[in-house]
2 protein chains.
Amino acid sequence: MNLIGVPVPPGFTITTDVCNEYYRIGKEKMVELLQDDVKKAVAHVEMLMNSKFGDVENPLLVSVRSGARASMPGMMDTILNLGLNDDVVEGLTRKTGNPRFAWDSYRRFVQMYGDVVLGMKPENKEDIDPFEEIIEDVKKAKGVKLDNELEVEDLKELVKRFKAAVKKQTGKDFPTCAYDQLWGAICAVFDSWMNERAILYRKMEGIPAEWGTAVNVQAMVFGNMGDTSATGVCFSRDAATGEDLFNGEYLINAQGEDVVAGIRTPQQITKIGSQRWAELAGVSEADRVAKYPSMEEAMPEIYKELDEIQTRLENHYHDMQDMEFTVQDGKLWFLQTRNGKRTGSAMVKIAMDLLRQGMIDEKTAIKRIDANKLDELLHPIFDKEALKKAKVLTRGLPASPGAATGQIVFFADDAAEWHAKGHHVVMVRLETSPEDLAGMAVAEGILTARGGMTSHAAVVARGMGKCCVSGAGALNVDYKNRTVEIDGVKLKEGDYISINGSTGEVYEGEVHTKAAELSGDFADLMTLADKYARLKVRTNADTPHDAQSARNFGAVGIGLCRTEHMFFEGEKIKAMREMILAENAEDRKKALAKILPYQQDDFKGILRVMAGYPVTVRLLDPPLHEFVPHDEKGQQEMAEAMGVSLAYIRQRVEALHEQNPMLGHRGCRLGNTYPEITQMQTRAILGAALDLKKEGVETHPEIMVPLTGILYEFKEQETVIRAEAEALFAERGDRIDFLVGTMIEVPRAALTADRIATSAEFFSFGTNDLTQMTFGYSRDDIASFLPIYLHKKILKVDPFQVLDQKGVGSLIRMATEKGRSVRPTLKCGICGEHGGEPSSVKFCHKVGLDYVSCSPFRVPIARVAAAQAAIEE
Amino acid sequence: MNLIGVPVPPGFTITTDVCNEYYRIGKEKMVELLQDDVKKAVAHVEMLMNSKFGDVENPLLVSVRSGARASMPGMMDTILNLGLNDDVVEGLTRKTGNPRFAWDSYRRFVQMYGDVVLGMKPENKEDIDPFEEIIEDVKKAKGVKLDNELEVEDLKELVKRFKAAVKKQTGKDFPTCAYDQLWGAICAVFDSWMNERAILYRKMEGIPAEWGTAVNVQAMVFGNMGDTSATGVCFSRDAATGEDLFNGEYLINAQGEDVVAGIRTPQQITKIGSQRWAELAGVSEADRVAKYPSMEEAMPEIYKELDEIQTRLENHYHDMQDMEFTVQDGKLWFLQTRNGKRTGSAMVKIAMDLLRQGMIDEKTAIKRIDANKLDELLHPIFDKEALKKAKVLTRGLPASPGAATGQIVFFADDAAEWHAKGHHVVMVRLETSPEDLAGMAVAEGILTARGGMTSHAAVVARGMGKCCVSGAGALNVDYKNRTVEIDGVKLKEGDYISINGSTGEVYEGEVHTKAAELSGDFADLMTLADKYARLKVRTNADTPHDAQSARNFGAVGIGLCRTEHMFFEGEKIKAMREMILAENAEDRKKALAKILPYQQDDFKGILRVMAGYPVTVRLLDPPLHEFVPHDEKGQQEMAEAMGVSLAYIRQRVEALHEQNPMLGHRGCRLGNTYPEITQMQTRAILGAALDLKKEGVETHPEIMVPLTGILYEFKEQETVIRAEAEALFAERGDRIDFLVGTMIEVPRAALTADRIATSAEFFSFGTNDLTQMTFGYSRDDIASFLPIYLHKKILKVDPFQVLDQKGVGSLIRMATEKGRSVRPTLKCGICGEHGGEPSSVKFCHKVGLDYVSCSPFRVPIARVAAAQAAIEE
């Protein structure tokens with residue numbers, strides 16, 4: 001992107017549609033087709049740069065980088081210094097009078113190209129990179145530690161040995177023709193689009209493969225031409241906190257990849273940033289100025305221009321910018337700018353700041369929110385009291401905020417494995433690389449020994465909303481023995497560790513956490529969202545505690561209160577079992593009578609928290625088999641309690657076993673075979689409401705019949721409910737308004753919604769079961785084929801996470817339309833887990849539902865998604 | 001129904017809509033509302049009969065009978081002689097000069113009214129009817145055996161004691177007011193509509209409860225006024241064979257219920273009928289003429305009028321008539337005529353005869369067929385060779401044709417219980433009553449000691465298409481000891497017996513049966529059906545034997561050839577298990593290679609039988625768990641065969657276990673995870689077709705992917721199939737045309753049919769699974785609630801037997817429309833068990849499917865239903 005007045009090296013772009021074509025027709029045909037256009041474009045760059053690609057005396061070097069719409073780990077990023085060979089490097093030396101720069105560029109080029117394009121990088125990351133081995137060898141022979149201590153002759157030796165290594169491993173000579181190098185790099189970008197890690201990332205982020213990647217070819221500028229040259233990355237605002245403070249890092253005499261690779265710890269760009277860094281790192285002001293000066297101090301003129309341009313870019317794009325720049329021999333070049341990745345809290349703060357600063361309007365502020373990222377803000381932070389007692393082991397950079405506590409693992413595979421077994425893990429590494437992506441995704445947090453705020457670990461962690469502490473230099477990681485030693489404390493794999501991504505602190509052992517605080521910008525954003533949203537957001541909550549938590553998150557009612565959990569505690573489960581194992585309605589009624597007072601208390605607690613708001617209570621739903629004891633001890637206990645034989649109990653339990661319990665005797669099939677259960681639950685719900693009415697608490701109970709598939713099975717239940725209600729009202733001499741409605745979770749209910757709505761006062765789409773039955777998938781059993789389906793792209797996403805709009809969604813749309821055709825006031829909502837997934841929430845808005853209901857922690861996400869849906873309309 | 005020239009006693013009808021109203025507003029309000037109208041209607045009858053209802057000197061007596069659109073067992077049928085009390089009986093005596101007639105009518109009335117309206121009849125049929133007890137008592141005291149040996153004084157005593165019994169049991173006096181009696185009877189008709197047996201019958205016959213029953217009130221005429229009076233039932237054609245022969249039975253000096261109750265064995269109406277009866281019963285012609293003369297011989301004038309009127313009635317209704325008549329003192333009255341029930345073969349013969357006689361046209365002949373009843377004609381008859389060796393125990397009346405062999409049971413409850421356990425039973429009873437209905441429904445056949453061709457057992461058995469032998473007087477049934485003695489042979493419950501409903505013969509033990517012959521009228525009917533049907537009828541067949549059987553029944557292709565059964569025999573199951581338990585694709589391929597030749601042979605056999613017709617083969621469908629050994633022996637065998645440990649096998653088997661296998665890893669989810677299976681099956685199907693092509697046999701294979709829910713899962717399989725096909729064609733140097741299509745059995749497939757049809761060449765609706773998923777019912781688990789759902793009328797029919805048109809049907813309609821919107825030539829059919837159920841077949845015609853596919857025995861039924869659908873259009 002070339003903005004007027006921003007110094008950008010000239011270049012050109014091969015557009016994304018070429019990428020798809022590339023996969024269709026293949027490498028050779030593609031190169032043939034593009035040949036002429038690319039040559040013309042290169043000629044244009046040559047004209048502007050007054051040099052020539054492949055020329056010896058006045059060479060133009062170029063970079064090739066991927067231009068994906070979203071940057072993604074695992075993709076090839078950049079190859080620098082294309083156009084060099086044994087002749088050109090001499091010409092470049094003559095032209096610049098700087099042999100060190102020329103040979104440094106050359107050896108960087110051969111290594112980078114060899115690794116990425118020629119596939120020299122070992123697939124198994126624990127194997128050694130042949131280039132790194134050669135470097136270590138040369139440094140050892142020379143007796144130096146850092147790359148930039150190497151001299152011209154060393155660099156020449158590196159190039160020689162690098163090329164020999166390429167020849168040995170690939171059997172081919174390193175390409176010397178500039179255009180061969182260019183095509184190799186371009187194709188490598190396309191190839192990397194289909195690399196496994198990129199595919200994994202796209203899956204996580206929901207990015208379609210069809211987008212493809214573009215390829216940017218750009219004239220090189222050099223940050224490695226000596227101490228008047230530098231390269232850096234900067235952000236127009238703080239990507240971790242959102243603070244409106246220009247910041248970034250740079251390295252003198254370096255090329256771009258040195259900054260992000262995290263090998264040399266870079267210096268700060270602004271003075272204030274530098275001072276903050278020094279404070280955290282425990283560096284004195286004098287030392288800081290002497291050894292780690294900021295760019296503002298070290299290169300004040302360049303800094304002034306950089307600051308001026310970053311402001312201009314942010315004003316232009318109306319969003320926080322993530323920029324790359326290079327200083328070549330005292331001249332500033334901008335290489336790239338894009339909207340910066342940010343943490344969830346930075347996202348909120350930046351959007352609200354930009355709104356207050358008049359740079360964007362309300363609707364834009366809402367649209368700027370990636371609703372899923374709000375999740376980060378809602379999760380626990382360290383409990384302050386617990387923190388006081390915790391032992392600080394060391395301090396690193398606060399790379400991605402939040403609190404994490406878990407067991408130490410060192411490798412991504414282990415992270416995945418431990419996580420799968422239910423462990424919470426913290427990944428501890430020297431530094432991370434794209435190979436670690438899958439491990440990072442499941443870890444509670446990431447702790448690295450090396451790398452700055454813009455290191456791989458930091459950038460990816462922020463993108464994922466994971467807590468991360470980077471560059472904690474005190475860490476002594478021993479991969480082989482799977483231990484880490486921190487200032488004399490030796491921890492091994494499996495030991496607990498805690499990290500604070502907001503402060504950079506690292507603690508020994510487990511540190512307790514507590515709920516996040518939801519005020520300031522977050523509260524303002526929520527108010528704004530509610531102003532635009534049409535869809536109401538309720539919560540799924542079965543306890544007063546969850547209900548209260550959801551109220552705090554802004555839920556305006558309960559869309560799904562499951563009652564089955566209420567049956568499991570203490571005496572209740574015994575009475576429930578008696579009910580199930582009873583032989584006749586009379587005995588069932590006796591057992592249910594014991595449960596009634598408990599259940600009424602449960603409802604009272606929930607209705608009280610939700611005073612003034614609707615509360616939808618679902619009648620008993622799961623197969624009875626789930627409640628009975630399956631072990632001999634439990635069965636013996638029941639036999640004694642009921643005064644029958646163990647054999648009798650065993651036989652009754654056996655009889656409840658089903659081939660396909662998902663499709664068995666459950667939902668309203670229970671209420672229709674044992675109306676006593678429905679009667680008891682009706683009495684408990686409305687009895688609780690009447691009690692509260694006496695206390696002056698306003699309640700709006702809604703009784704929900706589960707698993708309706710046939711009008712008459714709903715009608716039967718409705719009759720039982722209304723009759724029991726009238727009996728109760730007569731006994732109490734008081735009454736209360738309530739609704740009777742149904743879940744729509746069986747395909748047939750959606751197909752015949754115009755019949756069911758003649759009796760039902762509301763519909764609540766149970767999208768979990770509806771997805772199971774519409775696809776014919778048992779959630780418990782999909783593990784055997786779902787991963788393969790996702791891998792083969794038969795399914796783009798897991799339909800239990802993201803609502804399947806084409807299939808399940810069409811049933812929702814149909815049912816809503818049919819239902820309202822006979823009852824225009826029909827209240828419709830969804831209460832599956834999709835209720836808190838933004839794209840699904842937007843779909844619910846589109847089909848005209850009245851509300852979504854989701855778990856308490858997803859309520860704010862749903863509120864923003866609802867607002868976005870209304871704005872996008 | 002009053003036809004000009006047919007002598008019908010005057011009366012009036014209370015219409016069916018009143019019945020529904022009755023259930024809404026209740027007895028008292030109903031009587032209040034109807035009071036005036038009924039009085040006016042009665043006054044009209046009084047005028048025509050020149051007598052007065054409730055009057056002492058010139059009394060009008062009336063009958064009340066139910067007027068349901070279909071007559072049904074369990075319903076109250078008739079109450080005769082209303083209007084009698086202690087005064088009126090004296091007046092009637094004076095008016096007729098016939099005290100015996102007056103008191104006989106009175107005692108009949110009190111008993112009938114007491115039993116039916118006042119609820120005196122014991123609920124438990126083994127308890128003794130209090131009236132019967134009194135009769136026995138009086139007969140004993142008198143020393144007589146038959147009712148008509150009782151004299152006037154005895155009849156008076158009966159009435160007196162009957163009324164005392166009523167008072168004792170109900171606490172109320174027997175009603176004396178004529179109108180009280182009338183209202184009691186009318187309400188009893190309405191009440192009986194909801195009687196359990198009536199509900200059961202309606203369920204079996206698919207009659208909606210909303211139809212309700214009408215009530216007919218009619219002036220009484222009397223068949224019990226002496227030897228010039230009689231009552232009878234007759235048919236314009238033979239209801240058992242369809243023969244065009246007027247026939248029927250009558251009793252002199254009797255009222256209507258005496259004929260059907262089967263207590264007195266009635267005499268034949270026609271001379272030829274009488275002669276045939278005598279031959280079967282072993283009565284000499286002399287004896288016959290003396291003791292059992294036909295009406296034609298005994299009352300020639302009346303007979304002539306009866307014959308003339310029955311001809312007129314059949315010509316009027318263009319169908320076989322079932323008529324009731326009474327002769328009162330030499331004058332003939334018709335009480336009722338309706339289209340007669342008949343056996344399946346009579347149904348076919350009568351329709352084809354009427355067509356040939358020009359009384360109906362082709363379309364009407366087809367419409368006359370109750371397609372379900374054809375079933376009776378298709379089932380086995382006794383093997384003639386086996387019959388030669390069988391011992392004839394006795395001979396009864398050939399009441400309902402067919403052959404039945406099974407174990408003896410004596411009670412309906414036992415019949416149901418034994419049947420549920422998988423036994424074939426023959427119900428043996430003195431006589432049957434409506435209480436026996438449920439037992440008769442599950443029995444193979446019914447054998448009774450008493451009753452004629454129009455007895456309860458005979459009529460109901462013919463309605464059900466069950467084999468029945470009635471009136472086998474040699475039977476000595478001992479209910480208490482559960483034995484039956486026949487001419488010295490004593491059989492007990494559980495012993496085998498065989499009966500031939502076409503000849504009346506009863507055999508000891510089991511007699512083997514063989515397939516029915518399908519020629520003559522049946523073949524003509526089928527030709528006629530095919531002339532009108534648009535829908536093709538294919539069959540579901542997995543073996544050459546079934547395929548041949550279906551070809552004989554006229555199937556024009558296979559709609560569903562399941563391949564899973566092919567894997568179970570002999571060595572195949574071992575190879576299959578090796579395939580499943582293999583760890584990688586290579587080992588799976590090795591195991592599959594062993595199965596290939598067997599499978600190819602299987603397909604060759606089937607394709608050869610279906611030469612020239614399409615054969616749809618479904619790829620492997622069931623969860624793999626079904627194939628692996630679950631017992632230790634089998635697992636040990638596999639461990640040895642595969643050279644692995646038992647523990648390994650056990651673990652692999654365990655891993656295949658699923659929570660809900662119906663919704664698990666099956667269908668094309670198998671093919672998509674193990675493409676090797678699809679490849680092998682493709683090779684087997686097309687390899688077989690290529691082999692046959694060489695032999696000059698024309699084949700049309702259609703490869704069907706099961707359980708598709710997503711376009712891409714079909715596409716993946718299609719790609720595998722076509723690639724394998726091309727590889728095979730290249731190897732063989734020959735090719736064959738074939739289609740690739742899919743089952744539509746997952747709701748999502750129907751909802752997204754316009755996507756799937758872009759790739760699929762045909763759709764086959766798998767309505768079994770589609771019903772399971774649309775309702776959310778597991779067929780294996782519905783037993784816990786389906787009976788209750790049917791009982792409570794939540795479901796009117798079992799949706800696995802009769803296609804649910806509102807829900808499942810709407811998906812079929814939608815999928816067909818959507819599919820053809822993108823592929824107008826899309827071939828659509830159904831292959832669930834509904835494909836042979838007439839109402840479902842008609843639905844398939846309506847939504848424009850190309851074919852239905854059903855089990856071989858249902859093929860003729862589907863062909864007729866298809867023709868009817870086209871005609872009804």
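What counts, and where the lines are drawn
- Residues numbered from 1 in each chain as written.
- Chains lettered and ligands numbered in written order.
- Predicted model: local features only at pLDDT ≥ 70, side-chain atom pairs only at ≥ 80, totals over all residues.
- Heavy atoms only, no water.
- Buried < 20%, exposed > 50% of the residue type's maximum accessible area, 1.4 Å probe, protein only.
- Helix = DSSP H or I, 4+ residues; strand = E, 2+ residues; numbered from the N terminus.
- Arc of directions from axis to C-beta.
- Contact = heavy atoms within 4.5 Å.
- Pairing = 2+ DSSP bridges.
- Axes fitted to C-alpha atoms, helices over the stretch in contact; angles between N-to-C directions.
- Parallel < 35°, antiparallel > 145°, perpendicular 65-115°, else oblique.
- Left-handed = near helix turned anticlockwise from the far one by under 90°.
- Nonpolar A, V, L, I, M, F, W, Y, C, P; charged D, E, K, R; others polar.
- Least-squares fit on C-alpha atoms with pLDDT ≥ 70 in both.
- Expected span 1.5 Å × (residues − 1).
- Polar contact = N/O pair within 3.5 Å; in protein donor to acceptor, adjacent residues only side chain to side chain.

A. Here's a closer look at helix 10 (residues 271–281) of chain A. Residue and element names in this part refer to chain A. All of the buried residues in helix 10 are Gly 273, Ser 274, Trp 277 and Ala 278. Down the axis of helix 10, the sector holding all buried residues measures 135°, keeping them to one side. The elements touched by buried residues of helix 10 are strand 9 (267–268), helix 11 (285–291) and strand 14 (397–400). The first or second residue beyond helix 10 is Gly 282, which carries a positive phi of 70°.

B. Geometry of the pairing of strand 8 (residues 247–252) of chain A. Residues and elements named next belong to chain A. Extensive coverage of strand 8 is indicated by the burial of 5 of its 6 residues. When strand 7 (residues 230–235) meets strand 8, the two strands line up antiparallel, connected through 6 bridges. Along strand 8, the bridge assignment pairs Phe 235 with Asn 247. Here 2 bridges tie strand 8 to strand 9, and the two strands are oriented antiparallel to one another. In the sheet register, Glu 249 faces strand 9, and the bridge partner there is Gln 268.

C. Inspection of the packing of helix 21 (residues 520–532) of chain B against helix 36 (residues 859–872) of chain B at higher detail. All names here are of chain B. Two numbers describe how helix 21 lies on helix 36: the axes approach to 8 Å, and their chain directions differ by 45°. In terms of orientation, helix 21 lies oblique with respect to helix 36. Between helix 21 and helix 36 lies a crossing whose hand is left-handed. On helix 36, the residues touching Phe 522, Leu 525, Met 526, Ala 529, Asp 530 and Tyr 532 of helix 21 are Pro 860, Arg 863, Val 864, Ala 867, Ala 870 and Ile 871. Each residue belonging to the contact of helix 21 with helix 36 can be placed in one class, and the counts come to 10 nonpolar, no polar and 2 charged.

D. View of the relation of the copies chain B and chain A. When chain B is brought onto chain A, the operation consists of a screw motion whose angular component is 178° and whose axial shift is 0.1 Å, with 0.4 Å RMSD remaining. This pairing of chains is accounted for by a two-fold axis. Within chain B, the C-alpha atom positioned nearest to the axis of rotation is that of B:Asn660, 2.0 Å from it. The share of interface residues of chain B whose copies in chain A are also at the interface is 100%, consistent with both copies meeting through the same surface.

E. Representation of helix 5 (residues 130–142) of chain B. Residue and element names in this part refer to chain B. Taking 1.5 Å as the rise per residue, helix 5 with 13 residues should run 18 Å; its terminal C-alpha atoms sit 18 Å apart, in good agreement. For helix 5, every residue scored as buried is listed here: Pro 130, Phe 131, Ile 134, Ile 135, Val 138 and Lys 139. Where helix 5 is buried, its residues touch helix 4 (99–116) and helix 6 (152–170). Capping the start of helix 5, Asp 129 holds a side-chain oxygen 2.7 Å from the backbone nitrogen of Phe 131, two or three residues further along. Downstream of helix 5 by a residue or two, Gly 143 has a phi angle that is positive, lying close to 80°.

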